[in-house]
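A structural walkthrough
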Amino acid sequence: MAKRKRSRGATLERVPVSDPPVRPGLVGPRRRVPGHIERPPYARTGEPGPSAASSVRSAAEIQAMRRAGQMAAEVLLFAGKLVAPGVTTDSIDAEVHEEIVRRGAYPSPLNYRGYPKSVCTSINEVICHGIPDSRALADGDIVNIDVTVFLDGVHGDTSTTFEVGEVDEHSRLLVRETRTAMYLGIAAVKDGAPVNAIGRAIESHARTHRLGVVREFIGHGVGTEFHSGLQIPHYYERNHNTPLATGMTFTIEPMLTLGSPDLYMWDDQWTAVTADQRRSAQFEHTLLCLDYGAEILTRTPAGEGAAEVFSGD
Ligand code: MF3
Ligand code: CO
Ligand code: CO
């Protein structure tokens, strides 16, 4: 019998599609925020409001961002402890919402451009902006929980992909290498470095592991606004060479895929899913650019973050 030609390494054909596919569930009503909590401009109208003039933050804003970032990190650790088979994403939304308002902050996603919930939960082939609903997490799922809090006039934005129970080896590799890609992007940050050094680092790591890089969603300036004008692609773009500067605050939040990074949007106009139904993972930190590197704002005072605490490796 003739020997069949064997391929080297992981090939696309051998990566299973996510089965069964994630389907929309029931979305409950908007949750309430107590009246004494300071709200961002869009809380009433859904409209983000005017843009800030500068992407460099004042000393006072930086202090506020350290507090907001720290709180977002603590809430994400709290959220990670909720992840288990049988738990609905709506119940995660309820608990995260309560935890944020208990701490005196506003859950930034709530009514941002009309978004209906307080956190994003993106399962398996969902790339980002999954809306918490009646679907229960299942053993073997991966789920990104993306927490943003608004505290003292600024936002802190961070996310981690969690493994639910026992996860297949492709998904474990995807999650691990997406985390590494984020940290390689962070390592490219310093005063004077071009923005595209970040995407170059992330994309080249993704290529090494034959993972796709999502292009439609990118990192963003964050501060007094949830999303400011500063754009941080996770792929290399030659012309995107604006220099980073000390005092800029922005996110790095790569979404990597086991198959093609091409995507489509559900009818809800939020949920982005891979077109080939293969899985996607994402990690996110809010950073402060310094002369010599980046300060990670979305960590606890002890330097902890969900990305490490819940790492399966
Ligand atoms: N936290 C997301 C980000 O990383 C944004 C969510 S916008 C929402 O940029 F409206 F979907 F919440
Ligand atoms: Co973000
Ligand atoms: Co986010």
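Structure first, text after, so check above.
For the structure given in this document, a descriptive report is provided here.

Cut-offs applied
- Residues numbered from 1 in each chain as written.
- Chains lettered and ligands numbered in written order.
- Predicted model: local features only at pLDDT ≥ 70, side-chain atom pairs only at ≥ 80, totals over all residues.
- Heavy atoms only, no water.
- Near = heavy atom within 4 Å.
- Polar contact = N/O pair within 3.5 Å; in protein donor to acceptor, adjacent residues only side chain to side chain.
- Areas by Shrake-Rupley, 256 points an atom, 1.4 Å probe, with all protein chains shown as cover.
- Nonpolar A, V, L, I, M, F, W, Y, C, P; charged D, E, K, R; others polar.
- Pairing = 2+ DSSP bridges.
- Helix = DSSP H or I, 4+ residues; strand = E, 2+ residues; numbered from the N terminus.
- Axes fitted to C-alpha atoms, helices over the stretch in contact; angles between N-to-C directions.
- Donors = N, O, S within 2.8 Å, 3.2 Å for Na, K, Ca; no water.
- Tetrahedral: all angles 85-135°; square planar, octahedral: opposite > 155°, others 65-115°.
- Buried < 20%, exposed > 50% of the residue type's maximum accessible area, 1.4 Å probe, protein only.

In the neighbourhood of ligand 1, 14 residues make up the surrounding shell, with P109, H220, H227, E253 and E284 lying closest. A distance of 3.3 Å separates a nitrogen atom of ligand 1 from a polar side-chain atom of T148. Here ligand 1 has 340 Å² of accessible area as a free molecule, and 98% of this is covered by the chains. Grouping the constituent residues of the shell around ligand 1 by class yields six nonpolar, four polar and four charged.

With that settled, consider the sheet that holds strand β12 (residues 272-274). With respect to topology, three strands assemble into an open sheet ordered β3-β12-β11, the strand pairing being antiparallel. Single-partner strands in this sheet number two, and they are β3 (126-128) and β11 (263-265). Each strand of the sheet is rotated relative to its neighbour by a mean of 40°, with strand direction disregarded. As judged from the two bridges shared by β3 and β12, these two strands associate in the antiparallel manner. Note on β12: the bridge partner recorded for V126 is V273.

Within the protein, D157 (OD), H220 (NE2), E253 (OE) and E284 (OE) serve as the donor atoms for the cobalt ion (ligand 2), at 2.0 to 2.2 Å. Here the cobalt ion (ligand 2) binds six donor atoms, and the angle range of 51 to 163° at the metal identifies the geometry as irregular. Summarised as a motif, the one-chain spacing of the donors to the cobalt ion (ligand 2) is D-x62-H-x32-E-x30-E. Separating the cobalt ion (ligand 2) from the cobalt ion (ligand 3) is a distance of 3.3 Å, and D157 supplies a donor atom to each of them. On the criterion of sequence distance, the pair formed by D157 in strand β5 (residues 154-163) and E253 in the loop between β9 (249-252) and β10 (255-257) is long-range, its members being 96 residues apart. Using a relative accessible area of 2% as the deciding quantity, one classes D157 as buried.

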